[in-house]
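These are the residues of each chain, in order.
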Amino acid sequence: MKTIHIEFSDERLITPSGLVFVGQILGKSSFVKKINRAPISSEYLQKQIKNGDILLTYIGMLCQGKPQYEAVREMMDDPDYYKYALGISYAIPSAETLWQRFDMIGDSLRGDILQANVDLLSEMKIERTAAIREI
C-alpha cells in the first residue's frame, strides 16, 4: 500500500477523507487476502472484481453511514480517490454487482469476517474484553 502524507493547511477537506485511514488499517491486516481466497459460487460473472474489493467498497460506504447499495453511485464521482483511499485493486463495483455478490456470499464468509474483526483488533494492539473474544 502506498504511503500517505498528511499536511496541515487551510484548504477545505473532502468529506470522505477519513476513508484513507480506514484503507490504511485494512491494508495492514490480512483481511482482504483471506476474503479473496475464500470460495463462493463459481457462477458469478465479474471475476475480475474480487470479493475483497466488494467488501472494501461496502466498508467504505458503511463508514460514511450509507448502507444502501445505491449509495455506491456517489463513489463514481471520484473513483480514483476511493480506489486509492480504500485500497480497492480493480474497480468500484456497481450497486447491482454489490447486491448480487452479497447475495451469493450469503453467510458463507460470516465466520471469516468475524474472525478478521478480532484479528484486526489484536493486530492494532487493542486489549480484548468480554465483548472481544476469539471466534
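See the structure above.
### Quick look at the environment of Q48
And step 1. Structurally, the position occupied by Q48 is in the loop between α2 (31-37) and α3 (51-63).
And step 2. A relative accessible area of 39% places Q48 in the partly exposed class.
And step 3. Remark: the alpha-carbon pair of Q48 and A91, spanning 43 residues in sequence, is separated by 8.6 Å.

### Quick look at the pattern of salt bridges
And step 1. Summed over the entire model, instances satisfying the criterion amount to three salt bridges.
And step 2. Between E74 and K66 there is a salt bridge, and its shortest N-O distance comes to 2.4 Å.
And step 3. The partly exposed category is assigned to E74, whose relative accessible area is 42%.

### Some details on the packing of aromatic side chains
And step 1. Scanning the entire structure with this criterion turns up four aromatic pairs.
And step 2. Centroid distance Y58 to Y69: 5.7 Å. Interplanar angle 50°. Geometry classified as tilted. Linking Y58 in helix α3 with Y69 in the loop between α3 and α4 (79-86), this pair joins segments that are eleven residues apart in sequence.
And step 3. According to the relative accessible area criterion, Y58 is buried, its value standing at 18%.
And step 4. Taking the relative accessible area as the measure of exposure, Y69 reaches 23% and is therefore partly exposed.
And step 5. Through pairs of rings, three or more aromatic residues link up here, namely Y58, Y69 and F102.

### Notes on the nonpolar core
And step 1. Membership of the largest hydrophobic core comes to 28 residues, with the highest contact counts inside it found for M61, V72 and M75.
And step 2. If you list the elements that add at least two residues to this core, you get α1 (19-28), α2, α3, α4, α5 (95-105) and α6 (110-123).
And step 3. Here the element with the most residues in this core is α3; it accounts for five residues.
And step 4. Residues within four places of V72 in sequence aside, it is in contact with T57, M61, I92, P93, S94, A95 and L98.

### Section: the packing of α1 against α4
And step 1. Packing of α1 against α4 brings their axes to within 7 Å, and their N-to-C directions diverge by 40°. In terms of their interaxial angle, α1 and α4 are classed as oblique. Contacts between α1 and α4 involve L19, V20, V22, G23 and Q24 on the former and, on the latter, Y81, Y82, A85 and L86.
And step 2. Among the residues forming the contact of α1 with α4, the class breakdown is seven nonpolar, two polar and no charged.

### Section: the packing of α1 against α3
And step 1. Contact pair α1 / α3: the axes reach a minimum separation of 10 Å and the direction vectors enclose 140°. Taken together, the axis directions place α1 and α3 in an arrangement best described as oblique. As α1 runs across α3, the sense of the crossing is right-handed. Residues L19, V22 and L26 of α1 lie in contact with α3, whose contacting residues are L56, I59, G60 and C63.

Reading guide: rules and limits
Residues numbered from 1 in each chain as written. Predicted model: local features only at pLDDT ≥ 70, side-chain atom pairs only at ≥ 80, totals over all residues. Heavy atoms only, no water. Helix = DSSP H or I, 4+ residues; strand = E, 2+ residues; numbered from the N terminus. Buried < 20%, exposed > 50% of the residue type's maximum accessible area, 1.4 Å probe, protein only. Salt bridge = Lys/Arg side-chain N within 4 Å of Asp/Glu carboxyl O. Phe/Tyr/Trp six-rings, centres within 6.5 Å; stacked < 30°, edge-to-face > 60°. Core = buried A, V, L, I, M, F, W, Y, C linked by side-chain atoms within 4.5 Å. Contact = heavy atoms within 4.5 Å. Axes fitted to C-alpha atoms, helices over the stretch in contact; angles between N-to-C directions. Parallel < 35°, antiparallel > 145°, perpendicular 65-115°, else oblique. Nonpolar A, V, L, I, M, F, W, Y, C, P; charged D, E, K, R; others polar. Left-handed = near helix turned anticlockwise from the far one by under 90°.

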